[in-house]
Amino acid sequence: MQHVARVVMVMIGLQLSLVSSLWAFAVGDIAVHSRRGEPFAADIRLLLEARERDKEIEVTLGNQDAYRSEGVKRPAVINTLQAVLPPGTRNVIRLSSTVPLQEAAFDLVLLVRAGQVTIVKHYHVVIPTPAPVAVPGVALLPTIAPVAPVAPAPRALTKA
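In every chain, residue numbers begin from 1 and rise along the written sequence. For this predicted model, a pLDDT threshold of at least 70 governs which residues receive local features, and a threshold of 80 or more governs which side-chain atom pairs are given and counted, while totals over whole chains, interfaces and linings are taken from all residues. In computing side-chain values, all of the structure's heavy atoms are included and hydrogens and water are not.

Digging into the sheet that holds strand β4 (residues 81-84)
Part 1: With respect to topology, four strands assemble into an open sheet ordered β1-β2-β5-β4, the strand pairing being antiparallel. One side of each edge strand has no neighbouring strand; the edge strands of this open sheet are β1 (25-32) and β4. Strand-to-strand twist across the sheet, computed as the mean angle between neighbouring axes with direction ignored, equals 20°.
Part 2: Where β1 lies against strand β2 (residues 39-48), six bridges are found, and the strand directions are antiparallel. A pair of strands counts as paired when DSSP detects no fewer than two bridges linking them. Here a helix means four or more residues in a row that DSSP labels H or I, a strand means two or more in a row labelled E, and each is numbered from the N terminus. To obtain an axis, a line is fitted to C-alpha atoms, over the contacting stretch when the element is a helix, and the angle between two such axes runs from 0 to 180 degrees between their N-to-C directions.

Focus: the confidence of the model for the protein chain
Part 1: Per-residue confidence from the predictor is reported as pLDDT, which spans 0 to 100. Looking at the protein chain as a whole, its pLDDT mean stands at 80, while 65% of the residues score no less than 70.
Part 2: Whether two residues are in contact is decided by their heavy atoms, any of which lying within 4.5 Å being enough. With pLDDT under 50 throughout, residues 16-21 is counted as low confidence; its partners more than four residues away or in other chains account for three contacts.

Examining the side chain of D107
Part 1: Looking at the secondary structure, you find D107 in strand β6 (residues 105-114).
Part 2: Partly exposed residues are those whose accessible area sits between 20% and 50% of the maximum for their type, while under 20% is buried and over 50% is exposed, using a 1.4 Å probe and protein chains only. The convention is simple: Lys and Arg are positive, Asp and Glu are negative, and His and the chain ends are not counted. Salt bridge criterion: a side-chain nitrogen from Lys or Arg within 4 Å of a carboxyl oxygen from Asp or Glu. Despite its burial, D107 pairs with no opposite charge; the closest candidate is K73, at 11 Å N-O.
Part 3: Separated by 3.0 Å, the side chains of D107 and H122 make a polar contact.
Part 4: Whenever a nitrogen or oxygen atom comes within 3.5 Å of another N or O atom, the pair is scored as a polar contact, on the condition that within protein one atom can donate a hydrogen and the other can accept it, and that pairs from neighbouring residues in sequence are kept only if both atoms are in side chains. Here H124 takes part through its side chain, which lies 3.3 Å from a polar atom of the side chain of D107.
Part 5: When sequence neighbours within four positions are dropped, the list of residues in contact with D107 reads Y67, V72, P75, I78, H122, Y123 and H124.

Description of the sheet that holds strand β7 (residues 117-126)
Part 1: Here three strands make up an open sheet; going across it, the order is β3-β6-β7 and the pairing antiparallel. One side of each edge strand has no neighbouring strand; the edge strands of this open sheet are β3 (57-61) and β7. Recorded for the sheet is a direction-independent mean angle of 20° between the axes of neighbouring strands.
Part 2: For β3 and β6, the ladder comprises five bridges, and the chain directions are antiparallel. Directly across from I57, in β6, lies its bridge partner A114.

Here's the deal with the nonpolar core
Part 1: For the purposes of this section, nonpolar cores are sets of buried Ala, Val, Leu, Ile, Met, Phe, Trp, Tyr and Cys residues that join through side-chain atoms within 4.5 Å. Counting 27 residues, the largest nonpolar core has F40, I93, F106, L108, L110 and V112 as the members making the most contacts within it.
Part 2: Elements with a contribution of two residues or more to this core: β1, β2, β3, α2 (64-70), β4, β5 (92-100), β6 and β7.
Part 3: Here this core takes six residues from β6, the largest share from any one element.
Part 4: Among all residues touching I93, those that are not within four sequence positions of it are A42, D43, I44, L46, V59, A83, V84, L85, L110 and V112.

Listed below in structure tokens is the structure:
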């Protein structure tokens with residue numbers, strides 16, 4: 001019985017050591033900082049372990065094949081985007097465009113490579129609508145819901 005317990009403990013230890021080496025780094029969620037009609041700006045956090053911080057990190061936007069393997073069509077807006085690691089940081093991917101984006105949403109496939117490991121991450125990016133512009137001295141009017149017309153009630157006939 002003790003032999004079986006030792007074998008089980010060794011196997012659990014091996015599995016845990018393999019899992020920790022597989023999770024050497026991770027690619028987080030996207031945070032969009034721009035609105036529709038503005039140049040695109042977003043950040044994606046990289047979660048790196050100490051042994052990954054000195055490895056070269058490469059970030060690329062997905063090509064046609066990467067999109068096809070994710071089962072989505074590559075939108076033309078991807079051609080206007082760039083993904084970079086800002087100088088002096090190794091834990092953030094900065095996405096930007098030089099032109100304003102009018103799209104409400106698009107699919108983004110990103111490939112992040114650290115050492116020999118490449119993570120393919122698929123995001124459905126939603127760009128918020130512009131905030132209403134307040135004009136000084138002019139109050140915004142409340143929105144009024146449309147009212148459906150009501151048919152008049154039938155009148156009862158009365159005898160004189």
